[in-house]
Amino acid sequence: MTATLPEDTADLAVRLRRGERRALAQAITLAESARVDHRMKAERLLSALMPETGRSLRLGISGPPGAGKSTFIEAVGQVAIDRGYKLAILAVDPSSNISGGSILGDKVRMAALTGRPEVFIRPSPSGMVSGGVARRTREAILLAEAAGFDLVIVETVGVGQSETEVAAMTDMFLLLLAPMGGDMLQGIKRGVMELADLVIVNKADGNHIAAAQQAAADYSHALRLMRPQYDGWQVEAVQCSALNGDGISEIMDRVENFRILLESSGILQKRRVVQATAWLWAELKEDLIERLKTHPAIAQLLPRVEADVRNGEILPTMAARKLLDGLFGVSKRST
Ligand SMILES: Nc1nc2c(ncn2[C@@H]2O[C@H](COP(=O)(O)OP(=O)(O)OP(=O)(O)O)[C@@H](O)[C@H]2O)c(=O)[nH]1
Ligand SMILES: [Mg+2]
């Protein structure tokens, strides 16, 4: 995945603005890099490109392994391209640290989209820590926007934290499920349902049609009992078949309607302001802890304090406060 990086970020910015997919790939590689000089370059690049960002529809898609997310993105992607969108697909694979990256295979699976000039596909980087993946994806969204992509789809496997992270960086969050029989409702965590702006029951084809219909009806019922997040938008469950294309165009209609609602009501603006603030705080927390660990004054004290905590000689709350007092001075709260 290590594309050769041009020394000159100005040149990279020019080519990226022109919509060159190779330049976009290189820019994302810069942003993903663990090297400090690469990160500095990425930050310079992103700062220069900031005015050209923000103009895409950011779509998050999550769902259990094998629900058909990649197949669905391929189907909905084709509909989107037919409607004139330029599409960037970013994969977030929270398990890639362990498995070494499974979404790489999706490039093969998304055969209908791969290689088309109006499509950019970026598999998940492997070997990144969870927080790093979130940062990289946020930055990749901005870079894709600067390169003129006006529909950005972020795919993530629905396990654990990843849905929340993806919902926190997109405008609309789609939850994709497959009909699996009666106990389906119990299998989905309520918290994840609450993130969804649209629930999609996929694989409504062949022998699954009746089950998909039933599942969509059950979900819709459950969703109506939940407090709506936005005025004028009732979250619903719809069915489709990513395999044969049934219902895909209607789903794209709903996505576009949701966007119109978000834009006309000013919600989009607000949602992004909240997200940017949350991003700032996530970065602050991460950087702060990193710097704390390496700060000479703290590094010197840390082994002993940790030992004291392990031995039960000091309350962790007190130990944390003492370390921070050592760095920032005694806070008013602690006197
Ligand atoms: N019958 C049917 N099968 C489908 C449909 N969509 C996907 N599949 C099949 O389901 C399997 C998984 O599809 P993927 O698109 O790879 O699912 P995914 O959710 O991206 O999987 P992960 O990325 O591994 O979590 C494949 O064998 C697909 O062919 C559909 O609409 N109908
Ligand atoms: Mg997939």
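Here, every reference points to the structure presented above.
Residues numbered from 1 in each chain as written. Chains lettered and ligands numbered in written order. Predicted model: local features only at pLDDT ≥ 70, side-chain atom pairs only at ≥ 80, totals over all residues. Heavy atoms only, no water.

**Q** Got a minute to help me understand the overall build of the protein in this structure?
**A** A tally of regular secondary structure across the protein gives 15 helices and seven strands. Taking all 335 residues of the protein together, 48% fall into the buried category. A fraction of 76% describes how many contacts in the protein between residues 6 or more apart in sequence connect residues 24 or more apart. When the accessible surface of the protein is split by element, carbon and sulfur atoms take 57% of a total near 17,100 Å². (Helix = DSSP H or I, 4+ residues; strand = E, 2+ residues; numbered from the N terminus. Buried < 20%, exposed > 50% of the residue type's maximum accessible area, 1.4 Å probe, protein only. Contact = heavy atoms within 4.5 Å. Areas by Shrake-Rupley, 256 points an atom, 1.4 Å probe, with all protein chains shown as cover.)

**Q** Explanation requested: the coordination of the magnesium ion (ligand 2) in the structure shown.
**A** Octahedral metal centres with six donors ideally show angles of 90 or 180 degrees, and tetrahedral centres with four donors ideally show 109.5 degrees. Binding of the magnesium ion (ligand 2) to the protein goes through Ser-70 (OG) and Glu-155 (OE), at separations of 2.1 to 2.5 Å. Here Ser-70 is found in helix 4 (residues 69-82), whereas its partner Glu-155 is found in strand 4 (residues 151-157), with 85 residues between them in sequence. A relative accessible area of 3% means that Glu-155 is categorised as buried. (Donors = N, O, S within 2.8 Å, 3.2 Å for Na, K, Ca; no water.)

**Q** What am I meant to see in the nonpolar core here?
**A** Most often, soluble globular proteins keep nonpolar side chains buried together rather than apart. Formed by 55 residues in total, the largest nonpolar core has its most connected members in Phe-72, Leu-151, Val-199 and Ile-200. With residues near it in sequence (within four places) discarded, Leu-151 still touches Ser-56, Leu-57, Leu-59, Ala-80, Tyr-85, Lys-86, Leu-87, Ala-88 and Met-252. Judged by nonpolar contacts, the second largest core, of 35 residues, contains Leu-12, Leu-49, Ala-88 and Ala-144. (Core = buried A, V, L, I, M, F, W, Y, C linked by side-chain atoms within 4.5 Å.)

**Q** Would you explain the pairing of strand 3 (residues 119-122) in this entry?
**A** The side chains of a regular strand alternate, residue by residue, between the two faces of the sheet. Residues Val-119 and Ile-121 of strand 3 are buried on one face, and the alternating residues Phe-120 and Arg-122, pointing to the opposite face, are buried as well. Judged from the four bridges that link them, strand 2 (residues 87-92) and strand 3 form a sheet pairing that is parallel. Within strand 3, the residue paired with Ile-89 across the bridge is Ile-121. (Pairing = 2+ DSSP bridges.)

**Q** Is there a simple way to think about the sheet that holds strand 5 (residues 172-177) in this case?
**A** The pairing of strands in a sheet happens through backbone hydrogen bonds and is either parallel or antiparallel. Taken in spatial order, the seven strands line up as 3-2-4-1-5-6-7 in an open sheet, and their pairing is parallel. The open sheet has two edge strands with one neighbour each: strand 3 and strand 7 (237-239). Shown here is a sheet whose adjacent strand axes are inclined to one another by a mean of 20°, direction ignored. (Axes fitted to C-alpha atoms, helices over the stretch in contact; angles between N-to-C directions.)

**Q** Explanation requested: unusual backbone geometry in the structure shown.
**A** Of note, Lys-203 is a non-glycine position whose phi angle comes to about 65°, a positive value. With respect to the secondary-structure elements, Lys-203 resides in the loop between strand 6 (198-201) and helix 11 (209-224).

**Q** What exactly am I supposed to notice about a nonpolar patch on the surface here?
**A** A contiguous nonpolar surface patch, about 320 Å² in accessible area, is contributed by Leu-280, Trp-281 and Leu-284. Along the chain, the position of Leu-284 falls in helix 13 (residues 267-294). What makes Leu-284 partly exposed here is its relative accessible area of 39%. (Patch = residues over 30% accessible without salt bridge, like charges linked within 9 Å, V, L, I, M, F, W, Y side chains within 5 Å. Salt bridge = Lys/Arg side-chain N within 4 Å of Asp/Glu carboxyl O.)

**Q** Could you clarify how one ought to interpret the pattern of salt bridges in this entry?
**A** Any two side chains of opposite charge can pair, on the condition that their charged atoms come close. Considering all chains together, one arrives at 20 salt bridges under this definition. In this structure, the salt-bridge partner of Arg-116 is Glu-118, at a minimum N-O distance of 3.5 Å. Taken together, the salt bridges that share partners define one network made up of Asp-11, Arg-15, Arg-18 and Glu-20.

**Q** Help me understand the layout of surface pockets, please; the structure alone is not making it clear to me.
**A** A probe as big as a water molecule, rolled over the atoms, marks out the empty space that is left. As a volume, the second largest pocket reaches approximately 440 Å³. Every residue lining the second largest pocket is counted, 19 residues in all, and those nearest its centre are Met-50, Arg-58, Leu-142, Ala-276 and Trp-279. Counting only elements with at least two residues in the lining of the second largest pocket, the list comes to helix 3 (36-49), helix 7 (130-146) and helix 13. Broken down by element, the lining of the second largest pocket gets its largest block of residues, six residues, from helix 13. A class-by-class count of the residues in the lining of the second largest pocket yields nine nonpolar, five polar and five charged. (1 Å grid on protein atoms, 1.4 Å probe; cavity = no way out; pocket = protein on both sides within 12 Å on 5 of 7 lines; lining within 4 Å. Points joined across faces, edges and corners; volume = space filled by probe spheres on them. Nonpolar A, V, L, I, M, F, W, Y, C, P; charged D, E, K, R; others polar.)

**Q** Help me understand the pairing of strand 6 in this model?
**A** Here strand 6 shows a buried face lined by Leu-198 and Ile-200 and a second buried face lined by Val-199 and Val-201. Where strand 5 meets strand 6, four bridges bridge the pair, whose relative direction is parallel. Bridge pairing in strand 6 links Leu-174 to Leu-198. Pairing of strand 6 with strand 7, which is carried by three bridges, proceeds in the parallel orientation.

**Q** Would you take a moment to explain the packing of aromatic side chains for this structure?
**A** Any aromatic ring pair is given by two values, namely how distant the centres are and how the planes are angled relative to each other. All chains considered together, the criterion is met by three aromatic pairs. By way of ring pairs, the aromatic residues Tyr-230, Trp-233 and Phe-258 are connected into one cluster. (Phe/Tyr/Trp six-rings, centres within 6.5 Å; stacked < 30°, edge-to-face > 60°.)

**Q** How should empty space enclosed by the protein be read in this particular structure?
**A** Scanning the entire structure with this criterion turns up two cavities of 30 Å³ or more. Size it by volume and the second largest cavity reaches roughly 40 Å³. If you trace the second largest cavity, you find it lined by Ala-196, Asp-197, Pro-228, Gln-229, Tyr-230, Trp-233 and Val-235.

**Q** Help me understand helix 1 (residues 9-17) in this model?
**A** Turning to helix 1, its buried residues number three or more, namely Thr-9, Leu-12, Ala-13, Arg-15 and Leu-16. At the C-terminal side of helix 1, Gly-19 shows a positive phi close to 90°.

**Q** What exactly am I supposed to notice about the packing of helix 12 (residues 248-265) against helix 13 here?
**A** Between two packed helices, both the angle of their axes relative to each other and the distance between the axes serve to describe the pair. Two elements in contact, helix 12 and helix 13, have axes separated by 5 Å at closest approach and are oriented at 85°. Considering the angle they form, helix 12 stands roughly perpendicular to helix 13. Between helix 12 and helix 13, the contacting residues are Phe-258, Leu-262, Glu-263 and Ser-265 on the first element and Ile-267, Leu-268 and Arg-271 on the second. A class-by-class count of the residues in the contact of helix 12 with helix 13 yields four nonpolar, one polar and two charged. (Parallel < 35°, antiparallel > 145°, perpendicular 65-115°, else oblique.)

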